[in-house]
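These are the residues of each chain, in order.
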Amino acid sequence: MTAKYLKQSRLFEVKAIDRKTYMEKIQDWLPGQIIDVHTHIWPISFSKKVRSSRLVSWPDRVAKVHPLSHLLETYRLLFPHRKVTPLVFATVPTHRNLDRLNQYVSRVSRKNGLPALIFSSPRWSSGHLEEAIIRGNFLGAKSYLSLAPAELKPEEIRIYDFFPVEQLQVLNQHGWILMLHLPRPDRLRDPVNLRHLLEIDKRYPRMKTIVAHVGRAYCDQDAGSAFRVLKETRHLYFDISANTNEHLFRQLIEAVGPARILFGSDLPVTRMRMRRICEQGRYINLVPAGLYGDVSGDPHLREVTGQEASSLTFFLYEEIISFLKACHEAGLTREEIRAVFHDNAASLLQKICTGSEQQLQMVWPEGKVTLPTVNLPSKFRLRTFRSEDADAYCRLMRRAGFSGWNQVAAVLERALPEGVFFVENRQGRLVATACALHHPGRLHPSGGELGWVAVDPVYRRQGLGTAVCLAAVKRLLQAGYRRIYLLTDDWRLAAIKTYLRLGFFPFCYRPGMKPRWQEVARQLNMSLLL
């Protein structure tokens, strides 16, 4: 080892047992560049205190202060000869100090060229979240169950209580990251959590959902049969931060494969000197006696002495060793292990930064009020939403390809009065729909959106999509909107052709959009004004 590594830091002590552990069990398997997707930082001026009964207290014994400089020094000490790039976000905030902590993270991440996440509040509107992420140069959002409504008991909190559906829609639209810490005492095995994870996977495929700490499954009992369920997912990522359960790591690898597993540290928590065990389904961290004060009242800490205490190394090293053991048992190659520690996250971050997975947008020409004439076949009629339509609306959306769709309330909250349009057949079956939505944002400050366009596959190619889109645009124009836009996908060629015929044109709102539209034009055999 070099003198640089052997040099001690005032931050914490690196002992001979730590150097031996790193050299013999870890260093040969780590790539030269590492991406850590789960790290907390906060300014020196911020006094970290636990204020919620929803939080465990033992992590706060590790570091009261953890600015970015401390994180970088920790990497220097724990990963010699490795370059580590962190994805940073604040410590768990309260509603009162949330803005202050986010401002610090935004400032230091910009200055140092590091990716960062905003710590979001469920009280924010979708527009506020979108604007805050863009303004702060964040790549997505992290939140925590402690920010859910205060009247909810811990066992009642759902993912949607601290990440509302309208916020997930914004994250999905932009292809941003959702760093998700699962709520509820039963953790990953909780049936409500599992149901919502499956919903999120299907409804928000562009959003980069990272399930933190392998869903907080620290002991075997925390997982139950969850990994059999999670085999069905296609878009969820899982970080291994602050977890040392080799058996669960192996199940994770078998369930989702190495391409959707990411290295995370949860620093500064994993600077703790400890070894984790499980007893009767509860995790217990064994720590050296006296090192972290009086731990007698903490059910997750237990002191040890003598040889057992002197053999303890860093929590982070224990995490990596356990994961590497699982990798070896699963037969992963060095390239696949490298992907977990670097390549998977690098690809994910690149997609966000280049906008390669953000939705395409189209805009209506400002000042254009002349609309084409569309005549519905006599066996159909156009009408607007009625209160008794909710179930039929959901069935239509699901038939049209929006798996598990159940967002009637969210649509009605944003739709203009008489702004949700349907085409129904002679039997009264809903077969096509589109909405006129009030949806301002940074790119469209006074914008109205043509949204949730869908046609029953049985009834396509009869002009029904055109009819409902035309009705929604007409409603937006009647309401005074001059900035009208829509979101779509590269592969929805038939829908894009319809939008072009109505008068919409491509909106290249960031680098990388023009080549995508050129490819769309090639597939449609059309020339587009870009």
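Please refer to the structure higher up on the page.
So, here is what we can say about the structure in this document. (Residues numbered from 1 in each chain as written. Predicted model: local features only at pLDDT ≥ 70, side-chain atom pairs only at ≥ 80, totals over all residues. Heavy atoms only, no water.)

## Focus on the state of the cysteines
1) Next: One pass over the full model with this rule turns up one disulfide.
2) Next: Note on cysteine connectivity: C219 is disulfide-linked to C278, with sulfurs 2.0 Å apart. Between C219 and C278, the S-S torsion sits near -90°, and that sign places the bridge as left-handed. Of the two residues, C219 is situated in the loop between α9 (213-216) and α10 (226-230) and C278 in strand β9 (residues 275-279); the sequence distance between them amounts to 59 residues.
3) Next: C219 sits in the buried class, given a relative accessible area of 0%.
4) Next: Residue classification places C278 among the partly exposed positions, given a relative accessible area of 37%.
5) Next: Residue C353 stays outside any disulfide, its sulfur separated by 19 Å from that of C508, the closest cysteine.
6) Next: On the basis of relative accessibility, which here comes to 32%, the residue C508 falls in the partly exposed class. (Disulfide = S-S within 2.5 Å. Helix = DSSP H or I, 4+ residues; strand = E, 2+ residues; numbered from the N terminus. Buried < 20%, exposed > 50% of the residue type's maximum accessible area, 1.4 Å probe, protein only.)

## Observations concerning the packing of helix α11 (residues 246-256) against helix α13 (residues 315-330)
1) Next: At a minimum axis separation of 8 Å, α11 and α13 run at an interaxial angle of 50°. It follows that α11 is oblique to α13 by the angle criterion. The two elements α11 and α13 meet at a crossing, and its hand is right-handed. Contacts from E246, F249, R250 and I253 of α11 reach α13 at E319, S322, F323, K325, A326, C327, E329 and A330.
2) Next: Here the contact of α11 with α13 is built from residues that sort into six nonpolar, one polar and five charged. (Axes fitted to C-alpha atoms, helices over the stretch in contact; angles between N-to-C directions. Parallel < 35°, antiparallel > 145°, perpendicular 65-115°, else oblique. Left-handed = near helix turned anticlockwise from the far one by under 90°. Contact = heavy atoms within 4.5 Å. Nonpolar A, V, L, I, M, F, W, Y, C, P; charged D, E, K, R; others polar.)

## Comments concerning the sheet that holds β9
Within a sheet, neighbouring strands are paired by backbone hydrogen bonds and run either parallel or antiparallel to one another.
1) Next: Pairing in this open sheet of three strands is mixed, and the strands run β9-β10-β11 from one edge to the other. Every other strand in the sheet has two partners, leaving β9 and β11 (301-304) as the edge strands with one partner each. Between one strand axis and the next, the sheet turns through 35° on average, direction left out of account.
2) Next: Relative to strand β10 (residues 282-288), β9 is paired through five bridges, and the arrangement is antiparallel. Counted as the bridge partner of R276 is N285 from β10. (Pairing = 2+ DSSP bridges.)

## Brief notes about the pattern of salt bridges
1) Next: This model, assessed by the stated rule, comprises 23 salt bridges.
2) Next: With a shortest N-O distance of 3.8 Å, E131 and R135 are connected by a salt bridge. Linking E131 with R135, this pair stays in helix α5 (residues 126-135), spanning four residues, or about one helical turn.
3) Next: For the salt bridge of R158 with D161, the shortest nitrogen-to-oxygen distance reads 3.3 Å.
4) Next: When salt bridges that share partners are traced, they join R381, R383, D389 and E424 into one network. (Salt bridge = Lys/Arg side-chain N within 4 Å of Asp/Glu carboxyl O.)

## Details of the packing of α13 against helix α14 (residues 334-354)
1) Next: Where α13 meets α14, the closest approach of the two axes is 10 Å, and the angle between their N-to-C directions is 145°. Note on packing geometry: the crossing formed by α13 with α14 is right-handed. Between α13 and α14, the residues in contact are I320, F323, L324, C327 and H328 and I337, V340 and F341, respectively.
2) Next: In the contact of α13 with α14, the residues fall into seven nonpolar, one polar and no charged.

## Topic: the packing of aromatic side chains
1) Next: Inspection of every chain in the model, using the stated rule, returns 19 aromatic pairs.
2) Next: Between Y499 and F504 the ring centres are 6.4 Å apart and the planes differ by 70°, which places this aromatic pair in the edge-to-face class. The pair formed by Y499 and F504 is uniform in burial state, with each residue classed as buried.
3) Next: Every member of this aromatic cluster is reached through a ring pair, and the members are Y75, F79, F249, F263, F323 and F341.
4) Next: The residue whose ring lies beneath R276 is Y283, and the NZ or CZ to ring-centre distance is 4.3 Å.
5) Next: The cationic tip of R483 hangs over the ring face of F507; the distance from NZ or CZ to the ring centre is 5.2 Å. (Phe/Tyr/Trp six-rings, centres within 6.5 Å; stacked < 30°, edge-to-face > 60°. Lys NZ or Arg CZ within 6 Å of the ring centre and 35° of its normal.)

## Some thoughts on helix α4 (residues 98-112)
1) Next: A rise of 1.5 Å per residue sets the reference length of α4, with its 15 residues, at 21 Å; its end C-alpha atoms lie 21 Å apart and thus fit the reference within 8%.
2) Next: Three or more residues of α4 are buried, namely L98, L101, N102, Y104, V105, S106, V108 and S109.
3) Next: In this structure, the buried residues of α4 make contact with β1 (33-41), α3 (68-78), β2 (83-90) and β3 (118-119). (Expected span 1.5 Å × (residues − 1).)

## Here's the deal with the environment of Y75
1) Next: Along the chain, the position of Y75 falls in helix α3.
2) Next: Y75 sits in the buried class, given a relative accessible area of 4%.
3) Next: In this view, Y75 contacts D36, T39, P80, V84, P86, S265 and L267; residues no more than four positions away in its chain are not counted.

## A look at helix α8 (residues 191-203)
1) Next: Taking 1.5 Å per residue as the helical rise, α8 with its 13 residues ought to reach 18 Å, and the 18 Å between its terminal C-alpha atoms agrees with that figure.
2) Next: All of the buried residues along α8 are V192, N193, L194, H196, L197, I200, D201 and R203.
3) Next: Among the structural elements, α6 (159-162), α7 (165-174), β5 (177-180), β6 (208-211) and α10 are those in contact with the buried residues of α8.
4) Next: The N-capping residue of α8, defined by a side-chain oxygen 2.8 Å from the backbone nitrogen of V192, is D190. (Polar contact = N/O pair within 3.5 Å; in protein donor to acceptor, adjacent residues only side chain to side chain.)

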